[in-house]
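Below, each chain spelled out in residue letters.
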Amino acid sequence: MKTLNVVAAIIKKDNQILATKRGYGEFINMWEFPGGKIENNETKEEALIREIKEELDCTIEPTKFALDLEYQYPTFYLKMSCYEAIIKEGTPKLLEHNDARWLTKQQLNEVNWIPADLQIIDYLKETME
Ligand SMILES: Nc1nc2c([nH]c(=O)n2[C@H]2C[C@H](O)[C@@H](COP(=O)(O)OP(=O)(O)OP(=O)(O)O)O2)c(=O)[nH]1
């Protein structure tokens, strides 16, 4: 079974986090944290900055390591490192997603998360104001 090494950004602004809705593929119309697969010869932070530029056309700064999670999907094993981040330049544009929402702690349950991301939601319920 293949293992995917992925990074995800918990982009924060004014006590809200940015959730994005997948526009294609196996998890279409489920909500996630923007990010993607780490490529050879890049650090996790570099992968995160590159993916957010590709997906949302803005530049982020990772500010804090949040959590590592693992999840067994039917066809692959996911290892995902999650970082809190802020937007340094630009405003998010949906180049690959079909929707986005800024969610408060109280709104975290309002969207249908990709299964593995419930571990991130637990982390946010403990850490968000
Ligand atoms: N980006 C992202 N991927 C997630 C999350 N939760 C989760 O289970 N995944 C899974 C779904 C995907 O199978 C995998 C990430 O792949 P991806 O499709 O985003 O990566 P990518 O942009 O490098 O890939 P590609 O579409 O260019 O093939 O991780 C999440 O919060 N964000």
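Only a predicted model underlies this, so the values are computations on that prediction, with no experimental measurement involved.

Asks: Explanation requested: the site of the ligand in the structure shown.
Replies: By nearness alone, 13 residues border the ligand, and E32, G35, G36, K37 and A116 come closest of all. Looking at the shell around the ligand, the elements that each hand over two or more residues are β1 (3-13) and β4 (35-37). Broken down by class, the residue content of the shell around the ligand amounts to eight nonpolar, two polar and three charged.

Asks: Looking at this structure, how should I read the pairing of strand β5 (residues 59-72)?
Replies: Across a regular strand the side chains alternate sides, sitting on one face of the sheet and then on the other. Where β5 and strand β6 (residues 77-89) come together, twelve bridges link them in antiparallel fashion. What sits directly across from K64, in β6, is E84. Between β5 and β6, which pair antiparallel in sequence order, lie four residues.

Asks: Where do I start with the environment of G25 in this structure?
Replies: If you trace the backbone, G25 turns up in the loop between β2 (16-22) and β3 (31-32). Along the sequence, G25 and A116 sit 91 residues apart, while their C-alpha atoms lie 16 Å from each other.

Asks: Just to check I follow, could you spell out the environment of L124 for this structure?
Replies: Among the structural elements, L124 can be located in helix α2 (residues 118-127). When neighbours within four sequence positions are excluded, L124 is seen to be in contact with I17, K105 and L108.

Asks: How do you make sense of unusual backbone geometry when you look at a structure like this?
Replies: Negative phi is the rule for most residues except glycine; trans is the rule for most peptide bonds. Within the chain, N15 stands out as a residue other than glycine whose phi angle is a positive 60°. Mapped onto the secondary structure, N15 falls in the loop between β1 and β2. Although it is not a glycine, N41 adopts a positive phi angle of roughly 65°. With respect to the helices and strands, the residue N41 is situated in the loop between β4 and α1 (44-56).

Asks: What should I look at first to understand the environment of F76 in this one?
Replies: Structurally, F76 is set in the loop between β5 and β6. Here F76 falls in the exposed class, since 12 other C-beta atoms lie within 10 Å of it. Taking the C-alpha atoms as reference, F76 lies 17 Å from A8; in sequence the two are 68 residues apart.

Asks: Any chance you could explain α1 here in plain terms?
Replies: An α-helical segment advances 3.6 residues per turn. Residues three or four places apart therefore align on the same side. Between the first and last C-alpha of α1 there are 18 Å, a value that for 13 residues agrees with the 18 Å anticipated at 1.5 Å per step. What α1 keeps buried is the set L48, I49, E51, I52, E55 and L56. Looking straight down α1, one finds that the buried residues subtend no more than 165° of arc, so they occupy a single side. The inward-facing, buried residues of α1 contact β1, β4, β5, β6 and β7 (97-103). A positive phi of about 50° marks D57, the residue just after α1.

Reading the values: rules and limits
- Residues numbered from 1 in each chain as written.
- Predicted model: local features only at pLDDT ≥ 70, side-chain atom pairs only at ≥ 80, totals over all residues.
- Near = placed C-beta within 6 Å.
- Helix = DSSP H or I, 4+ residues; strand = E, 2+ residues; numbered from the N terminus.
- Nonpolar A, V, L, I, M, F, W, Y, C, P; charged D, E, K, R; others polar.
- Pairing = 2+ DSSP bridges.
- Contact = placed C-beta atoms within 7 Å.
- Buried ≥ 20, exposed ≤ 12 C-beta atoms within 10 Å, placed from the backbone.
- Expected span 1.5 Å × (residues − 1).
- Arc of directions from axis to C-beta.

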